[in-house]
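Residue-level listing of the chains:
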Amino acid sequence: MEFQTIPIMRIFDEEKAKEFYLGFLGMELDWEHRFEEGYPIYMQVSLGDFVLHLSEHSGDCTPGSKVFVNVSNLDQLFAQVTAKPYKYNKPSIEDAPWGARCFTVTDPFSNRILFNESADT
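Residues numbered from 1 in each chain as written. Predicted model: local features only at pLDDT ≥ 70, side-chain atom pairs only at ≥ 80, totals over all residues. Heavy atoms only, no water.

(A) The arrangement of the overall build of the chain in detail. On a plain count of helices and strands, the chain comes out with two helices and eight strands. Over its C-alpha trace the chain gives a radius of gyration of 15 Å, about what one expects of a compact globule, namely 14 Å for 121 residues. Taking the principal axes of the C-alpha coordinates as reference, the chain spans close to 45 × 40 × 25 Å. By residue count, 40% of the 121 residues in the chain fall in the buried class. Considering only contacts within the chain whose residues lie at least 6 apart along the sequence, 53% involve residues at least 24 apart. For the chain, the computed accessible surface area is about 7,300 Å², with 49% contributed by carbon and sulfur atoms. Each charge sign in the chain was given a centre, from 10 positive and 19 negative side chains, and these centres are 8 Å apart. (Helix = DSSP H or I, 4+ residues; strand = E, 2+ residues; numbered from the N terminus. Rg over C-alpha atoms; globule rule 2.2 N^0.38 Å. Buried < 20%, exposed > 50% of the residue type's maximum accessible area, 1.4 Å probe, protein only. Contact = heavy atoms within 4.5 Å. Areas by Shrake-Rupley, 256 points an atom, 1.4 Å probe, with all protein chains shown as cover. Lys, Arg positive; Asp, Glu negative; His and termini not counted. Charge placed at Lys NZ, Arg CZ, Asp CG, Glu CD.)

This is the structure we're talking about:
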């Protein structure tokens, strides 16, 4: 049996979301859906096997959520992310109390993504 978890992150502005997730984090836009013009957008973005759904629909989820993401090469991801000229987020690598290294980014809607590399990786 295999599982894949795909968190849904609440967004309020399609352009700001794309600037953050596609521009800053370097994710790909896999698909987007609207029931019709002028309705909220629902889209999927990904970076390798890290997949998120982004939704403007008010009933889907709550802004201010946090997602914990394990990564195998934190330094490489950090270098890619911080090389982008995104003025709203300046993450730094920290030593976590659980013995790992991590950094956190916050999207324009107060959702946080903590990228974690365990000490035994």
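(B) Spatial organisation of the sheet that holds strand E3 (residues 42-47). Sheet architecture is open: four strands sit in the order E1-E4-E3-E2, paired in mixed fashion. Each edge of the open sheet carries a strand with a single partner, namely strand E1 (8-10) and strand E2 (28-33). Put simply, the sheet's adjacent strands are angled 25 degrees from each other on average, direction ignored. Bridge analysis of E2 against E3 gives five bridges, and the strand direction is antiparallel. (Pairing = 2+ DSSP bridges. Axes fitted to C-alpha atoms, helices over the stretch in contact; angles between N-to-C directions.)

(C) Molecular detail of the side chain of Gln 44. Within the secondary structure layout, Gln 44 lies in strand E3. The buried category is assigned to Gln 44, whose relative accessible area is 15%. At a separation of 2.9 Å, a polar atom in the side chain of Gln 44 contacts the side chain of His 53. Contacts of Gln 44, omitting those with residues within four sequence positions, involve Glu 28, Leu 29, Asp 30, Trp 31, Val 51, Leu 52 and His 53. (Polar contact = N/O pair within 3.5 Å; in protein donor to acceptor, adjacent residues only side chain to side chain.)

(D) Molecular detail of the packing of aromatic side chains. The final tally for this structure, using the stated rule, is 11 aromatic pairs. Measuring from centroid to centroid gives 4.8 Å for Phe 20 and Tyr 21, while their planes differ by 85 degrees, and the two rings are edge-to-face. The same class applies to Phe 20 and to Tyr 21, which are both buried. With 5.2 Å between their ring centres and 35 degrees between their planes, Phe 103 and Phe 115 make a pair best called tilted. Residue Phe 103 is found in strand E7 (residues 101-106), and its partner Phe 115 is found in strand E8 (residues 112-117); the two are separated by 12 residues along the sequence. One exposure class covers both Phe 103 and Phe 115, and it is buried. Through a chain of ring-to-ring contacts, the aromatic side chains of Phe 20, Tyr 21, Phe 24, Tyr 86 and Tyr 88 assemble into a single cluster. (Phe/Tyr/Trp six-rings, centres within 6.5 Å; stacked < 30°, edge-to-face > 60°.)

(E) Focus on the pairing of E8. In terms of burial, E8 is largely enclosed, as five of its six residues are buried. Where strand E5 (residues 66-70) lies against E8, five bridges are found, and the strand directions are parallel. By the bridge assignment for E8, Lys 66 is matched with Arg 112. Connecting the antiparallel pair E7 and E8 is a turn made up of five residues, with Ser 110 showing a positive phi of about 70 degrees.

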